[in-house]
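Breakdown of the fold
What follows is each chain in one-letter form.
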Amino acid sequence: MTELHARLDAGVAIPAHPLALDDHGGVDLRAQRALTRYQLAAGAHGLAVGVHSTQFELHDDPALLRTVWEQAAAIAAEAAPGAVASPLLIAGLVGDTAQAVREAELARELGFQAALMSPWGMVERSEQSLLERAEAVGEVLPTIGFYLQDSVGGMPLSRAFWRSLFSLESVVAVKTAPFDRYRTNDVMQELLGHERWDQVAVLTGNDDAIVADLVTPFRREVDGHLREVRARGGLLGQWAVGTRAAVELVARANAEVAADAVTPELLALGSDLVEINAAVFDVLHNFSGCVPGVNEVLRQQGLLSSTRCLGPDVLSPGQEQLIREVRARFPALLDEEFVAAGREGWLS
């Protein structure tokens, strides 16, 4: 077991990092810095930067990508000067193999410890090309397998794909985010049957099933021995908001599972998070307002000045009001008091 795998398997809350733009479409570095400070002050065990919530279009501008990654790494270093375990830095990579490898090399140079790869920007999207890309990137950085939901750029992946991916020794974790229980089960069953079953950490990315993923053990008997795996933590776009509550949720879920005493109150939090996620991720419009929805929560809380995106994504009709309603109904789960108290300091 590598140190990185051990940390990822210990129970991490890693938020996907948003991208802060001003009303003119330029990156607002002051707000970007404040977002990083907020997530780290909330106790996040790491940051995922360059992922869907950071807007995949960011990768079209390598200089801007460097700037955003560089600032996140610098603030993470400031947050834990000399610490034995500084926040984990996960680089979201896109594009075909050549681009993904270039980005991995940049990420490694800037201090990132692992790569999470999306199929966004790939000319050839096939299981074979995904495997070849993962193997090439794995020569540069440890990798995290990623099952991304179709509505934001993912694709169906066979059990054979996961079997082959887990055979790559550079794979230290897998993020299950298909928003589909059958596909999530595909990943877990293939991991359980693989010889590296205890060398790959499981991270939930299913924003619609966070608590269920954190408390559900997957089991399979192999050669007369019962194996069990479970998501002890996650890497989620939902956790870009309510980050402190997410850290507390992961700790609570793991404690209740360890005590064999999962409570109805914890399960009820799962349904509350689904209600929040439906508004923030814009389920009514098939997730079209997902990225601006995350930004809208942060704008209403005073951390961002705009919900503008690099691409064409905008809030859907009625989404702003839905977000106001879930903020009023679930203030603790969205860190309302924590953000209000720390906002001015993070923006300074």
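Please read all numbers here as calculations on a predicted model, not as lab measurements.

**Quick word on helix 4 (residues 97-109)**
Taking 1.5 Å of rise per residue, the 13 residues of helix 4 would be expected to cover 18 Å, and the 18 Å separating its terminal C-alpha atoms lies within 8% of that figure. Three or more residues of helix 4 are buried, namely Ala100, Val101, Glu103, Ala104, Leu106 and Ala107. Buried residues along helix 4 sit against helix 3 (62-79), strand 3 (88-93) and helix 5 (127-138).

**Regarding the nonpolar core**
By size, the foremost hydrophobic cluster in this structure holds 65 residues, and its most contacted members are Leu8, Ile14, Tyr38, Ile90, Ile276, Leu298 and Leu303. For this core, the element with the most residues is helix 9 (residues 243-258), which contributes six residues. When near neighbours in sequence (up to four residues on either side) are disregarded, Leu298 contacts Pro18, Leu35, Tyr38, Ala240, Val241, Leu303 and Leu304. Core analysis: the next-biggest nonpolar cluster, separate from the first, contains 52 residues, Leu93, Leu131, Phe166 and Leu192 among them.

**Re unusual backbone geometry**
The backbone phi angle of Asp260 is positive, close to 55°, even though this residue is not glycine. On the secondary structure map, Asp260 appears in the loop between helix 9 and helix 10 (264-280). By relative accessible area, which is 74% here, Asp260 ends up exposed. The backbone phi angle of Asn286 is positive, close to 55°, even though this residue is not glycine. Relative to the assigned elements, Asn286 resides in the loop between helix 10 and helix 11 (290-300).

Parameters and conventions
Residues numbered from 1 in each chain as written. Predicted model: local features only at pLDDT ≥ 70, side-chain atom pairs only at ≥ 80, totals over all residues. Heavy atoms only, no water. Helix = DSSP H or I, 4+ residues; strand = E, 2+ residues; numbered from the N terminus. Expected span 1.5 Å × (residues − 1). Buried < 20%, exposed > 50% of the residue type's maximum accessible area, 1.4 Å probe, protein only. Contact = heavy atoms within 4.5 Å. Core = buried A, V, L, I, M, F, W, Y, C linked by side-chain atoms within 4.5 Å.

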